[in-house]
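One-letter residues, chain by chain:
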Amino acid sequence: MKTYAYGYPRLGANREYKRLIEGYWQQEIPEVQLREGLDRLERERLRIYHASVDYYPVGEMTFYDPMLDHALMFGLIPEAIADGLRIGRSWDAPLDLAAYYRLARGAQAWEMTKWFNTNYHYLVPPVAEESDFRLVWAKPLLARAQYQMGVPYLIGPYTFLALSKGYPRAAWPKLWSKLTPVYSELLARCRQAGAEFVHLDEPALVSDVPPEHWPLIHQAYEQLAQQAPILLFTYYETPAPWDAFLQLPVRGFGIDLVHCRGATTLRESSVQELITALQRRPLHAQQILILGIVNGRNVWKTHLRSVAEWVKHIRAATQAEIWLSNAGPLAHLPVSVSVEQKLEPALRQRLAFANERLVELRLLRYLLDDAAPRSEEDETALREWNNYSPAPDSWNISTIRQRIASLTDRDFIRDAPYDERDRLQRQRLRLPLFPTTTIGSFPQTEEVRRMRNAYKNGRISADQYDQFIRDQIRHVVQVQEQMGLDVLVHGEFERSDMVEFFAEKLMGIALTQQGWVLSYGTRVYRPPIIYGDIVRPQPMTLKEITFAQSLTQRPMKGMLTGPVTILAWSFVREDLPRHEVAWQLGLALQDEVRDLESAGIMVIQIDEPAFRELAPIQRAHWPEYFHWAVKAFRLASRAKPETQIHTHMCYSEFNEILPYIEQLDADVITIEATRSRGEVIEAFERYSYPRQIGPGVYDVHSPEVPTVESILAILRRVVRVIPPQRVWVNPDCGLKTRRWEEVIPALRNLVLAATHLRREFPLGQWSMLT
C-alpha cells in the first residue's frame, strides 16, 4: 500500500522561514541569501518526505503565500507593479522579490482573509469580470526541474477562482472558461517534463458548490485529465454531492475522512458514507483512493490498529486501490514533538505533530501490508505508539462539569436589553461623537521581547519584570492621553500572544516550547493544547488593567480573548464535545469579567476574530455550530447592564454571518474594513445592524501611515450606512507588530479625522448622550 503526504510545514524546525524573509525585509540579509536559505528549507522538507512516504508534492514552498504565487503565475499582475515584476517576460523567468512583496505588505497589499475554516490567512487575488489569464510563471515546473523529485504542486482551478474576489457571480462561467486552458497548458508542460502525476489541491470542492457549476467542472477536468494524470486532493470536509465529485476523470481522489460533516475525528459514519458512495459510483480500474486518515489539524496520536481495520473494511467493500495520506495539510501542525521535553510525560506521549504524522503513515503501511518494520526505530514505535497510561484524574474536574450541567437558558442572557444598556452606558461613559480607541496591543519592541525572555529564563526577578511592564503601561497611557484618544488600553506588553497569555493562566491547557505554526506570511503563533477541564484558579488580567486605570480618568478597556477564539487557535481534546470545552472557557472568562467590573472597569473587550473561522465549510452545519458558539460568547460576556462589552473581529468573511454577530449581543463591535476595500461596509448597507460599530479605518499590517483624508473617506462612507451616534473610530487590528514611529502618526491622524468629522455633524442632533 502506497503512502502520500502533503503540506509539510515550510516554517522550519527553528523558524528559519520567518527569520530569512524578515531579515530580507529589514535589509539585514541580501536577496541571494534569502533564496539560498529557502532552497535549503525546501531540500530539507523533501528529504523528510522522501524518508517517510512514497509520494509527496514539490513546489509548495513560497516566498510569502501560495495564492499570491498562483495569481502571478496566471498573469494577474497589477499595473502599478507590472514594470517591476519581471515574470511577465517569459514563462520560466525568475521572480522579482521587491515587486512581489509590495503585493503582500504595504500600500498596494492585497486583501487578506482566512483560508477556509483555519487560522491561516491568504492574500485574495483580485479578479475582475474582464480579467484574462495567461501562463507567465511555471513555478511547479521550475521546482521539479530544480529538485528532480516530487509531484508538481498546484492549487486547483476551482479553488483558485472560488477564493478570488472582484467579479460578479454571473461572470464565473466566462472566467472559468478563460482560466482552465491555462491550467491545461501548465499540466501539459508538467507531463512533458516527465511528471508521473500532478497534485491539485481542490478544498473548495467540498464547499457548497452551486449545482450549475458541476457540469462545467466536469467538462474542464475532462480536458485537464488529458494533459496529465491528476491527484485531486480535498480536505477540511468530505464532498457533497459524492456522485458529482466521483465522476471527475482524475487519476486519484484525496479524501479527508477525519473532518466529515462537521466532525473532527474519524467516525464509523464517515467510513460508511464513503463506502456507500463508492458502491454507488465505483472507481475505474486505474483510479486511486487516497484516504486522509491521520489528522492534519489536531495533535492527538492516531489509534493505528483501529484505523487500519477501517481501511481494510473500505478496501474489502470497494475493491479500490487505496493509498494512505494525511487529512488536511500538515502545515497546521508544529514540526516535531521530540523537542517538547518540558511537557508532562502523560501528555507528551499522546501527541503527534507533523513529523510524527509521517511516522504514523509509515506504521499504518506496515500494519496493512502485514510487513515487518524496516528499522528498529519503527519496530519500537509500532509496539509503543498507542500503549500509554490512562489520563491522570487531575485532568478532569468535577466542579466545572457540574457548573456546565447546571446551566439554564437564563445563564446565556444579559440582565437588560440592548436599548436599556446603551442608555446606561452613555450616561456613565459620557463619550463624544465618533469616540476613538484602539484594538488593544501596542508595539512589542525588541526591548519588550528581550525583557520577557529574560524573565522567563530567570535572568531577572518577577519584581523587576513587573516594574518594567508598569513602566511600559505608564508610557502608553501617557501617549494615548496626549493624542486625545477617548477609550484607552493598557498596551498588552505582558502578553506574547492573545491566546497563549490566557492559556498560561488556565488549568487544563498546556503550552509548547517550539510548537510554532504559520498564521500568515511570516507571522507565527504557538497553539496551546487543551487536554483537560478548564478552570481559572485566579484573576488573569486584573493587575495590569487596574494599574492602567489608576493612571487616567478616561475609560480603560479590559482586554480578554473570547472562548471561541481560544478554542479555534488551540489543539483541542477529543474526548469531550467542542461546545462543552467552549462553555468551560466561557465560564472562566465570565469570572474574569466579574472581577474587572468589581474593580471599576467600565468597558471590557472580548476579542473573537475566530468566530467566523470555526464555522463548518458546508452551511448546512452552520446552525449547530453558531448555536453553541454564540452561547459561549454570551456566557463570557454576561456583564452588568452598565458595563459596555466590545468585541473585535478581523480578516474573515464576516459579511456572511451578520445575523449571528448580532446574536452575540455585544454593545460595540470593531471589525476590519480596510484591506477588504469596504466589503464589510457594503454588508452593513444590506443588513441593518442595530448596535455600535467601529469599522477599522486603516490597515495595521501595512507599514504605511494612513492620511487624515483616507480615514475620513472610510468614515464618510460608514455614516451613510450607520447613524453617526453608533460609529466608533479605530484601527482594524492590534498594533503589536508595528513600530512606534508608525503608530504615533497613524493614531494622531485617526484622532484628527474623528475631530474633523465631529464638526460636520450638529452636536445636538447626534450627541452620544442622546
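Scroll up a little and you will see the structure.
Below or above, wherever it landed, is the structure these notes cover. (Residues numbered from 1 in each chain as written. Predicted model: local features only at pLDDT ≥ 70, side-chain atom pairs only at ≥ 80, totals over all residues. Heavy atoms only, no water.)

## Structural notes on the packing of aromatic side chains
Phase 1 of the analysis: Applying the stated criterion across every chain, the model contains 37 aromatic pairs.
Phase 2 of the analysis: Where F116 meets Y236, the ring centres are 5.9 Å apart and the plane angle is 50 degrees; that geometry is what we call tilted. Taken together, the positions of F116 in the loop between β3 (112-114) and β4 (121-123) and Y236 in the loop between β7 (230-233) and α10 (242-246) put the pair 120 residues apart, joining distant regions of the chain.
Phase 3 of the analysis: For Y236, a relative accessible area of 3% gives the class buried.
Phase 4 of the analysis: Here F412 and W583 contribute two aromatic rings whose centre-to-centre distance is 5.3 Å and whose plane-to-plane angle is 55 degrees, an arrangement assigned as tilted. One end of the pair, F412, is in the loop between α16 (398-405) and α17 (418-429); the other, W583, is in helix α23 (residues 578-598), with 171 residues separating them in the sequence. The exposure classification of F412 matches that of W583, with both residues buried. (Phe/Tyr/Trp six-rings, centres within 6.5 Å; stacked < 30°, edge-to-face > 60°. Helix = DSSP H or I, 4+ residues; strand = E, 2+ residues; numbered from the N terminus. Buried < 20%, exposed > 50% of the residue type's maximum accessible area, 1.4 Å probe, protein only.)

## Let's talk about the pattern of salt bridges
Phase 1 of the analysis: Under the definition given, this model contains 47 salt bridges.
Phase 2 of the analysis: The partner of E22 in a salt bridge is K18, and the shortest N-O contact between them spans 2.9 Å. Of this pair, E22 and K18 are both found in helix α1 (residues 16-25), four residues apart, which corresponds to roughly one turn of the helix.
Phase 3 of the analysis: R261 is paired through a salt bridge with E273; the nearest N and O atoms lie 2.4 Å apart. Of this pair, R261 sits in the loop between β8 (252-256) and α11 (268-280) while E273 is found in helix α11, placing the two residues 12 residues apart along the sequence.
Phase 4 of the analysis: A residue is classified by how much of its surface remains accessible, and R261, at 25% relative accessible area, is partly exposed.
Phase 5 of the analysis: Classification of E273 as partly exposed rests on a relative accessible area of 23%.
Phase 6 of the analysis: What you see here is one network of salt bridges that share partners, running through R414, R421, D665, D667 and R691. (Salt bridge = Lys/Arg side-chain N within 4 Å of Asp/Glu carboxyl O.)

## Looking at helix α14 (residues 354-369)
Phase 1 of the analysis: Helix length check: α14, at 16 residues, gives a terminal C-alpha distance of 23 Å against a target of 22 Å (1.5 Å per residue), a fit within 8%.
Phase 2 of the analysis: Across the 16 residues that make up α14, a large majority, 14, are buried.
Phase 3 of the analysis: Directly beyond the C-terminal end of α14, a positive phi value near 50 degrees is found at D370. (Expected span 1.5 Å × (residues − 1).)

## Observations concerning unusual backbone geometry
Phase 1 of the analysis: Following A240, the chain continues into P241 via a peptide bond in cis, with omega recorded as 5 degrees.
Phase 2 of the analysis: Within the secondary structure, P241 sits in the loop between β7 and α10.
Phase 3 of the analysis: A positive phi angle, close to 50 degrees, is found at D370, a residue other than glycine.
Phase 4 of the analysis: Positionally, D370 belongs in the loop between α14 and α15 (376-384).

## Brief notes about the sheet that holds strand β20 (residues 692-695)
Phase 1 of the analysis: Spatial strand order, β15-β17-β18-β19-β20: five strands in an open sheet with parallel pairing. Among the strands making up the open sheet, the edge pair consists of β15 (557-561) and β20. Averaged over all neighbouring strand pairs, the angle between strand axes comes to 20 degrees, with direction disregarded.
Phase 2 of the analysis: Across four bridges, strand β18 (residues 644-649) lies against strand β19 (residues 668-671) in parallel orientation. Across the sheet, the residue bridging to H648 is T670, located in β19. (Pairing = 2+ DSSP bridges. Axes fitted to C-alpha atoms, helices over the stretch in contact; angles between N-to-C directions.)

## A look at the sheet that holds strand β11 (residues 507-510)
Phase 1 of the analysis: Strand order across the open sheet formed by three strands is β11-β14-β16, with mixed pairing between neighbours. Sheet topology places β11 and β16 (571-572) at the edges, where each strand pairs with a single neighbour.
Phase 2 of the analysis: Bridge count for β11 against strand β14 (residues 529-535) is three bridges, and the pairing is antiparallel. Bridging from a neighbouring strand, I509 pairs with I530 of β14.

## Observations regarding helix α5 (residues 97-104)
Phase 1 of the analysis: Here α5 lies mainly inside the structure; six of its eight residues are buried.
Phase 2 of the analysis: If you check which residues of α5 are buried, you get L97, A99, Y100, Y101, L103 and A104.
Phase 3 of the analysis: Near the N-terminus of α5, the side chain that reaches the backbone nitrogen of A98, with its oxygen 3.3 Å away, is that of D96. (Polar contact = N/O pair within 3.5 Å; in protein donor to acceptor, adjacent residues only side chain to side chain.)

## Considering the environment of R410
Phase 1 of the analysis: Following the sequence through the fold, R410 ends up in the loop between α16 and α17.
Phase 2 of the analysis: Taking the C-alpha atoms as reference, R410 lies 43 Å from V307; in sequence the two are 103 residues apart.
Phase 3 of the analysis: Among residues more than four places away in sequence, those in contact with R410 are D415 and R638. (Contact = heavy atoms within 4.5 Å.)

## Quick word on the environment of A220
Phase 1 of the analysis: Note that A220 resides in helix α9 (residues 213-227).
Phase 2 of the analysis: Along the backbone, A220 and S164 are 56 residues apart, and their C-alpha atoms lie at a distance of 19 Å.
Phase 3 of the analysis: Ignoring sequence-local partners within four residues, the contact set of A220 consists of W176 and T180.

## Thoughts on the packing of helix α12 (residues 304-318) against α14
Phase 1 of the analysis: Look at α12 against α14: their axes get within 10 Å of each other, and the N-to-C directions meet at 55 degrees. When the axes of α12 and α14 are compared, the pair comes out oblique. Taken as a pair, α12 and α14 cross one another with a handedness that is right-handed. For the pair formed by α12 and α14, the contact residues are L304, R305, V307, A308, V311, K312 and R315 on the first element and E360, L363, L364, L367 and L368 on the second.
Phase 2 of the analysis: Of the residues belonging to the contact of α12 with α14, the class tally is eight nonpolar, no polar and four charged. (Parallel < 35°, antiparallel > 145°, perpendicular 65-115°, else oblique. Left-handed = near helix turned anticlockwise from the far one by under 90°. Nonpolar A, V, L, I, M, F, W, Y, C, P; charged D, E, K, R; others polar.)

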